[in-house]
Amino acid sequence: MKGILFTCFLVIATTSAFGGDVNPAQDLNAFQKYFSSKFPNLPFREYINGVYAIDAESRSQWQEIEEFPPYELSISEGESEWKKPFSNGKTYQSCFPWPVNEGIRSHYPHWDVEHKRVVTLERALNECREANSEKPLEWEDSKLVGLSAYLAFHSRGKAMNVTIPNEEAKHAYAEGKHFFYTKRGQLNVSCADCHVYNASQKIRADILSPALGHASHFPVYRSEWEGIGGLHRRFVGCNKNVRAKPFQEQGVEYSNLEYFLTYMNNGLSFNGPAVRK
Amino acid sequence: MNRFSLFSISVVLLSWNLCWAASPAAVDNVQCNESTFSQYSKDADEALKKAKDVGHEWSETAALIQSAKQLAADKHFEEACKSAHAGLLQSRMAYRQWEENKNAGPRF
């Protein structure tokens with residue numbers, strides 16, 4: 001009897017913690033509907049521009065910066081790296097079934113059925129190196145960020161269409177969702193507190209961007225960084241801002257978060273690399 | 001036993017529990033020495049590990065506990081106990097934060 005009760009407890013605990021009742025399609029609908037109610041005059045396609053979609057003054061500054069985009073050098077570096085053969089003579093292209101101009105970026109993140117995990121573009125690029133007997137790069141190595149920028153640039157306009165193919169993928173999605181809504185750090189703030197409920201409000205001198213559109217434009221050149229970086233670097237920064245100890249870039253926590261966040265952006269188009277404050 | 005008595009007993013028990021839970025706050029009233037610090041440090045380390053294991057460690061806590069150990073090594077036990085105690089409380093709050101967010105989800 002005790003065994004049965006314990007099993008029941010475990011089932012209930014597991015399903016409630018990791019969303020046995022998670023319905024991604026329903027979540028997506030509610031998430032996007034929330035933003036369309038919050039910003040009724042904002043066209044859906046504009047969310048990919050973050051703060052620049054909701055604040056006219058910031059937008060005009062951004063448009064001026066975009067006349068000479070600071071991420072161009074990174075795209076060039078990425079292009080050279082992409083075309084440079086590995087020591088075995090192969091290139092990165094050998095690891096991807098899609099040509100560059102068909103939008104490799106738009107296939108990530110995705111659920112890897114064989115390895116049962118979320119694969120991000122950066123992870124796929126590093127695994128490609130390892131498969132070709134090259135050392136993996138640091139996650140924020142300019143070569144890797146450059147490759148990501150190059151591929152993102154050639155994926156502009158492609159729609160985000162993350163799929164959740166099975167229960168294991170759904171579990172990863174549920175973990176990403178849970179992370180997004182969980183309060184963290186000494187400031188006791190969740191991702192959603194800032195970027196859902198308080199999107200468009202000011203936090204000191206900055207305007208909080210809406211979470212809808214967040215995954216569309218990475219890597220980004222940030223004035224604060226004085227350089228270009230990926231989405232996971234941004235996650236690290238956000239966690240540090242709320243005084244929570246950040247997780248490893250490309251680790252399971254942030255990869256699942258990226259999976260959830262990109263799924264919430266389904267229907268929008270990729271527009272990276274981009275410029276942000 | 002009438003309702004008022006039951007209520008009074010409950011309030012007393014609850015207050016006692018709260019005092020017990022917050023007992024390390026008595027750091028200000030305790031003479032801090034090597035042995036007291038050692039206990040605080042051990043408690044802080046354990047609490048931090050607990051918060052870390054559930055992925056809710058706060059960014060400054062480990063450094064705070066580390067600085068407490070350095071202060072103790074330099075024989076500044078009063079300050080060392082205060083830092084270790086702060087680290088202990090932070091870790092407990094971080095763990096509690098995890099408990100309170102077990103079912104976190106959208107509010108719309």
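Residues numbered from 1 in each chain as written. Chains lettered and ligands numbered in written order. Predicted model: local features only at pLDDT ≥ 70, side-chain atom pairs only at ≥ 80, totals over all residues. Heavy atoms only, no water.

**Structural notes on the confidence of the model for chain A**
To keep things clear, this is the line we draw: As a per-residue measure, pLDDT tells how confident the predictor is, with possible values from 0 to 100. Contact between two residues is taken to exist if any of their heavy atoms lie within 4.5 Å; hydrogens are not considered.
Of all residues in chain A, 93% have pLDDT values of 70 or greater, and the mean over the chain is 93. Every residue in residues 6-17 of chain A is under pLDDT 50, and counting partners more than four places away or in other chains gives 4 contacts.

**A closer look at the layout of surface pockets**
Residue and element names in this part refer to chain A. Convention followed: The rule is simple: put a 1 Å grid over the protein atoms alone, call a set of points where a 1.4 Å probe fits but cannot get out a cavity, call an open set with protein on both sides within 12 Å along at least five of seven lines a pocket, and count a residue as lining if it has an atom within 4 Å of a point. Grid points are joined across faces, edges and corners, and a volume is the space filled by probe spheres set on the points. Segments assigned H or I by DSSP are reported as helices when at least four residues long, segments assigned E as strands when at least two residues long, and all are numbered from the N terminus.
In this structure, the largest pocket encloses a volume near 1,200 Å³. Surrounding the largest pocket, 44 residues form its lining, His195, Arg222, Arg234, Cys238 and Asn241 being those nearest its centre. Mapped by element, the contributors of at least two residues to the lining of the largest pocket are helix 3 (51-54), helix 8 (167-181), helix 9 (191-197), strand 4 (206-207), strand 5 (220-222), helix 10 (231-241) and helix 11 (252-264). No other element matches helix 10, which puts 10 residues into the lining of the largest pocket.

**Side note on the packing of aromatic side chains**
Residues and elements named next belong to chain A. Counted only if it meets this: Put simply, two rings from Phe, Tyr or Trp (the six-membered ring, in Trp's case) pair if the centres are within 6.5 Å, and we call them stacked under 30 degrees between planes, edge-to-face over 60, tilted for the rest. Partly exposed residues are those whose accessible area sits between 20% and 50% of the maximum for their type, while under 20% is buried and over 50% is exposed, using a 1.4 Å probe and protein chains only.
Tallying each qualifying case throughout the model produces 27 aromatic pairs over all chains. Ring centres of Tyr52 and Trp62 lie 5.0 Å apart, and the angle between their planes is 10°; this geometry places the pair in the stacked category. Taken together, the positions of Tyr52 in helix 3 and Trp62 in helix 4 (residues 56-65) put the pair 10 residues apart, joining distant regions of the chain. Neither Tyr52 nor Trp62 differs from the other in exposure class; each is buried. Aromatic side chains Tyr173 and Phe260 sit 5.4 Å apart centroid to centroid with 55° between the ring planes, which places their arrangement in the tilted category.

**Section: the nonpolar core**
Residue and element names in this part refer to chain A. For the record, the criterion: The set of buried Ala, Val, Leu, Ile, Met, Phe, Trp, Tyr and Cys residues whose side-chain atoms join them within 4.5 Å is what this entry labels a nonpolar core.
Counting residues in hydrophobic clusters, the biggest one holds 45 residues, and the most contacted among them are Phe31, Phe35, Phe180, Tyr181, Val196 and Tyr259. Among the elements of the structure, helix 2 (24-38), helix 8, helix 9, helix 10 and helix 11 are those that each provide at least two residues to this core. Setting aside residues up to four positions removed in sequence, Phe180 forms contacts with Phe31, Ser190, Cys191, Ala192, Val196, Ala211, Leu257, Phe260 and Leu261. One finds Val51, Val119, Ala124 and Leu125 within the second-largest nonpolar core, a separate group that totals 27 residues.

**With respect to the interface of chain A and chain B**
Our working rule: When two components associate, each loses some accessible surface as probed by a 1.4 Å sphere; the sum of these losses over both components is called the buried area. Here, a salt bridge means any side-chain nitrogen of Lys or Arg that lies within 4 Å of a carboxyl oxygen of Asp or Glu. For this classification, Asp, Glu, Lys and Arg are treated as charged, while Ala, Val, Leu, Ile, Met, Phe, Trp, Tyr, Cys and Pro are nonpolar and the rest, including Gly, are polar.
Every contact between the two is made by 20 residues of chain A and, on the other side, 17 residues of chain B. Summed over both sides, the interface of chain A with chain B buries roughly 1,600 Å², with 52% coming from carbon and sulfur. Across the contact surface, chain A and chain B share 3 salt bridges. Across the pair Arg243 of chain A and Glu60 of chain B runs a salt bridge, and its minimum N-O distance is 3.9 Å. Of the residues belonging to the side of chain A that touches chain B, the class tally is 8 nonpolar, 6 polar and 6 charged.

**A word on empty space enclosed by the protein**
All names here are of chain A. The criterion, for reference: Each domain span listed reflects an automatic or database assignment of domains.
The full count for this structure, using the stated rule, is 3 cavities of 30 Å³ or more. Size it by volume and the largest cavity reaches roughly 80 Å³. In terms of lining residues, the largest cavity is bounded by 13 residues, among which Glu122, Trp139, Glu140, Gly230 and Gln250 are the most central. Among the elements of the structure, helix 7 (142-153) and helix 10 are those that each provide at least two residues to the lining of the largest cavity. With 3 residues, the top contributor of residues to the lining of the largest cavity is helix 7. Each residue belonging to the lining of the largest cavity can be placed in one class, and the counts come to 5 nonpolar, 4 polar and 4 charged. Each of domain 1 (22-68 + 164-276) and domain 2 (72-153) contributes no fewer than three residues to the lining of the largest cavity. In this model, the second largest cavity occupies a volume close to 40 Å³.

**Overview of the confidence of the model for chain B**
Residues and elements named next belong to chain B. On average, residues of chain B score 84 in pLDDT, and 72% of them reach the 70 mark or higher. No element of chain B has a lower mean pLDDT than helix 1 (residues 3-21), at 53, and none a higher one than helix 3 (residues 61-73), at 98. Note on residues 18-26: pLDDT under 50 across the span, and 7 contacts to partners over four residues away in sequence or across chains.

**Overview of helix 11 of chain A**
Working note: α-helix, 3.6 residues per turn, so residues spaced by three or four point in the same direction. Residues and elements named next belong to chain A. Filter applied, for reference: Expected span of a helix: the number of residues minus one, times 1.5 Å.
The first and last C-alpha atoms of helix 11 sit 18 Å apart over 13 residues, in line with the 18 Å expected at 1.5 Å per residue. Within helix 11, 11 of the 13 residues are buried, which leaves the element mostly enclosed by the surrounding structure. Taken residue by residue, helix 11 has Tyr254, Ser255, Asn256, Leu257, Glu258, Tyr259, Phe260, Leu261, Thr262, Tyr263 and Met264 as its buried positions. Buried positions along helix 11 lie against helix 2, strand 1 (110-112), strand 2 (117-119), helix 8 and helix 10.

**Focus on the packing of helix 5 (residues 72-83) of chain A against helix 7 of chain A**
All names here are of chain A. For clarity, the threshold we go by: Think of each axis as a best-fit line through the C-alpha atoms, taken over the contacting stretch in the case of a helix, with angles from 0 to 180 degrees between the N-to-C directions. Any angle from 65 to 115 degrees is called roughly perpendicular, while one under 35 is roughly parallel, one over 145 is roughly antiparallel, and all others are oblique.
Relative orientation of the contacting elements helix 5 and helix 7 amounts to 95°, with a least axis distance of 7 Å. Judged on the interaxial angle alone, helix 7 and helix 5 are roughly perpendicular. The segment helix 5 lies against helix 7, with Ser74, Ile75, Glu77, Gly78, Glu79, Glu81, Trp82 and Lys83 engaging Ser142, Lys143, Val145, Gly146, Leu147, Ala149, Tyr150, Leu151 and Phe153. A class-by-class count of the residues in the contact of helix 5 with helix 7 yields 8 nonpolar, 4 polar and 5 charged.

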